[in-house]
Structure formats: C-alpha cells, structure tokens
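Structural description and commentary
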Amino acid sequence: MAEVVEKKGKMWVTMGMVRSGKTYCFIEETLFLIEIGALHLSDENGICLSLKEVYEKLSDESGCYWELFEVYRHLKSLGYIVGRHGIAWSVKGLKIKTGTCSLQGGEERNELLEMEPKGTSSIIDLFDNMQINEVSPAFDVYLPNSRFRKSSPGDPSFSLYLSRGNPPSKVEIEALERKQGAIPLKFCHVENGRVSFFSFDRVELAVLP
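Residues numbered from 1 in each chain as written. Predicted model: local features only at pLDDT ≥ 70, side-chain atom pairs only at ≥ 80, totals over all residues. Heavy atoms only, no water.

**Regarding the sheet that holds strand β10 (residues 194-198)**
The strand order β4-β7-β8-β9-β10 describes an open sheet built from five strands, whose pairing is mixed. Whereas interior strands pair on both sides, the edge strands pair on one side only; in this sheet they are β4 (81-84) and β10. Mean inter-strand twist for the sheet, computed between neighbouring axes without regard to direction, equals 35°. Where β4 and strand β7 (residues 135-142) come together, four bridges link them in antiparallel fashion. Residue pairing for β7: V82 is matched across the bridge by V141. (Pairing = 2+ DSSP bridges. Helix = DSSP H or I, 4+ residues; strand = E, 2+ residues; numbered from the N terminus. Axes fitted to C-alpha atoms, helices over the stretch in contact; angles between N-to-C directions.)

**Points about the pairing of strand β8 (residues 158-163)**
The buried fraction of β8 amounts to six of the six residues, a majority that puts the element mostly inside the structure. Residues F158, L160 and L162 line one face of β8 and the alternating positions S159, Y161 and S163 line the opposite face, and both faces are buried. As paired elements, β7 and β8 share six bridges and run antiparallel to each other. Across the sheet, residue S136 finds its bridge partner in β8, namely L162. As paired elements, β8 and strand β9 (residues 185-191) share four bridges and run parallel to each other. Bridge pairing in β9 links Y161 to F187. Traced from β8 through helix α5 (residues 170-180) to β9, the parallel crossover comes out right-handed. (Buried < 20%, exposed > 50% of the residue type's maximum accessible area, 1.4 Å probe, protein only. Right-handed = clockwise from strand over helix to strand, strands pointing away.)

**A short note on α5**
For α5, every residue scored as buried is listed here: E172, I173, A175, L176 and Q180. Angularly, the buried residues of α5 cover 160° about the axis, an arc narrow enough to put them on a single face. In this structure, α5 carries K170, V171 and R178 as exposed residues pointing more than 90 degrees from its buried face. Positioned one or two residues after α5, G181 has a phi angle of 75°, which is positive. (Arc of directions from axis to C-beta.)

**Remarks on unusual backbone geometry**
Even without being glycine, S20 reaches a positive phi, approximately 55°. Among the structural elements, S20 can be located in the loop between β2 (17-19) and β3 (22-25). Owing to a relative accessible area of 60%, S20 belongs among the exposed residues under this scheme. For N192, which is not glycine, the phi dihedral falls at a positive 55°.

**Thoughts on the side chain of Q180**
Tracing the chain through its elements places Q180 in helix α5. What makes Q180 buried here is its relative accessible area of 9%. Only 3.3 Å separates the side chain of Q180 from the side chain of Y161, close enough to count as a polar contact. With residues up to four places along the chain from it excluded, the contact list for Q180 reads H85, S159, Y161 and L185. (Polar contact = N/O pair within 3.5 Å; in protein donor to acceptor, adjacent residues only side chain to side chain. Contact = heavy atoms within 4.5 Å.)

**A closer look at the packing of aromatic side chains**
Scanning the entire structure with this criterion turns up 12 aromatic pairs. Ring centres of Y55 and W66 lie 5.7 Å apart, and the angle between their planes is 75°; on these two criteria the pair is classed as edge-to-face. Taken together, the positions of Y55 in helix α2 (residues 51-55) and W66 in helix α3 (residues 66-77) put the pair 11 residues apart, joining distant regions of the chain. For W66, a relative accessible area of 35% corresponds to the partly exposed category. Residues Y161 and F187 carry aromatic rings whose centres are separated by 6.2 Å and whose planes lie at 50° to one another, so their mutual orientation is tilted. Within this pair, whereas Y161 is found in strand β8, its partner F187 is found in strand β9, the two being separated by 26 residues in sequence. Considered together, Y161 and F187 belong to a single accessibility category, that of buried residues. The residue whose ring lies beneath R84 is F26, and the NZ or CZ to ring-centre distance is 4.1 Å. Over the face of the ring belonging to F158 we find K186, whose NZ or CZ atom lies 5.6 Å from the ring centre. (Phe/Tyr/Trp six-rings, centres within 6.5 Å; stacked < 30°, edge-to-face > 60°. Lys NZ or Arg CZ within 6 Å of the ring centre and 35° of its normal.)

**What about the pattern of salt bridges?**
The full count for this structure, using the stated rule, is six salt bridges. Here E35 ties to R73 by a salt bridge, and the two come within 2.9 Å at their closest N and O atoms. Linking E35 in helix α1 (residues 27-35) with R73 in helix α3, this pair joins segments that are 38 residues apart in sequence. A salt bridge links K52 to E56, with the shortest nitrogen-to-oxygen separation between them at 2.6 Å. (Salt bridge = Lys/Arg side-chain N within 4 Å of Asp/Glu carboxyl O.)

Structural data, given as structure tokens:
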C-alpha cells in the first residue's frame with residue numbers, strides 16, 4: 001500500500017481508504033492514478049518510482065495481479081466507484097477487530113481488518129475462506145454518485161467476482177448468492193486484455209401440456 005502525503009482534487013472522495021486520519025491507496029488505485037498522471041509515488045528513501053517499477057509490484061502476493069488491475073482500470077475508466085471487496089473505506093463508526101497491516105516503508109498500522117461476520121452458517125463461512133472454481137471476490141462497485149461518502153457509502157450496486165478458469169457451477173453461484181444476501185452479484189473474466197462481465201438470472205419455464 002502507499003500512504004498519501006499530499007492530496008489535491010476531488011478524486012480522493014472516492015479513492016483511498018482512511019485509517020487514523022491518514023489516506024492509503026491499494027496498489028490498483030496507486031497504479032491507476034500513476035497511469036493517468038495524477039500521482040507521483042516515492043519509496044521510503046524519497047526516490048520516485050517509474051511506471052515500470054510499479055507494474056512489477058503486481059502479483060498474487062500483493063493482493064492484485066495484472067488481470068485484476070485490468071478490471072479495476074476498466075471500471076474506473078467508465079466512471080464507477082470501486083473499492084476492495086469487504087474492506088471498509090473508513091473505520092469511523094465501525095466495530096472492527098484489532099490487527100496489523102504492512103504499509104509502505106515497513107510500517108505497521110492497526111485497524112485495517114474485515115468487519116465481524118454476522119448471521120453466517122458454518123457452510124457459508126467455509127466459502128468465505130476459499131476460492132471456488134478459481135472464482136474469487138474482487139471489488140464492491142458503486143454507481144457514480146456526487147454525494148458518496150467514505151464514512152457512509154451504503155450498499156454497493158453490485159459485488160464483483162473474478163473468474164480465472166471455467167464459469168462457476170449452479171451450486172457455487174447459489175452459495176455465493178446466499179453469502180452476498182441482497183447485494184447483486186456479477187462475475188468478470190479477462191482474456192487477452194478484454195474484460196467481460198456476466199451475471200445469472202433465474203428463469204421459470206411454464207410446464208407444457
């Protein structure tokens with residue numbers, strides 16, 4: 001993650017997460033802003049990193065690989081408000097568990113953890129901690145909204161899952177839908193730089209005589 005030391009413009013209303021009064025960017029946000037010329041990134045020694053050096057930081061270990069960044073960039077370019085799935089924009093007014101998270105420069109910060117799960121069964125909890133058929137939760141997506149606030153963002157328009165293999169089965173989709181509750185669920189797939197989105201509807205067919 002990158003700590004934002006100087007902010008200008010309205011883009012920060014919908015980008016970056018706030019912890020202890022400071023704003024931090026995930027790697028996909030950082031890279032997107034660098035690509036559009038809206039951010040300069042320096043390491044702990046004050047040396048400005050090149051775009052190529054930031055590209056090289058994309059990996060499964062960093063929490064964002066190349067396909068995931070392509071999805072993020074595509075949605076942001078269309079004007080959507082996009083945040084990491086299950087990560088609060090701000091912990092103001094939220095009850096969270098204590099823990100640590102590594103940030104730029106090796107610093108350790110508290111307060112960056114998932115909210116307490118509520119009302120979930122042991123079966124659904126199992127799906128929370130596993131990747132189903134190479135399908136994993138990616139982003140919570142909001143429609144453009146001039147009144148958006150990090151402290152009270154409301155429910156997302158939909159949650160997005162990234163498929164890196166075959167489309168999920170009917171059983172897997174139903175399990176994910178139970179986990180999501182009332183929030184709509186969409187899937188995306190990236191192939192050769194092309195981002196595709198898909199969702200599933202229930203259709204009742206009439207019984208023919």
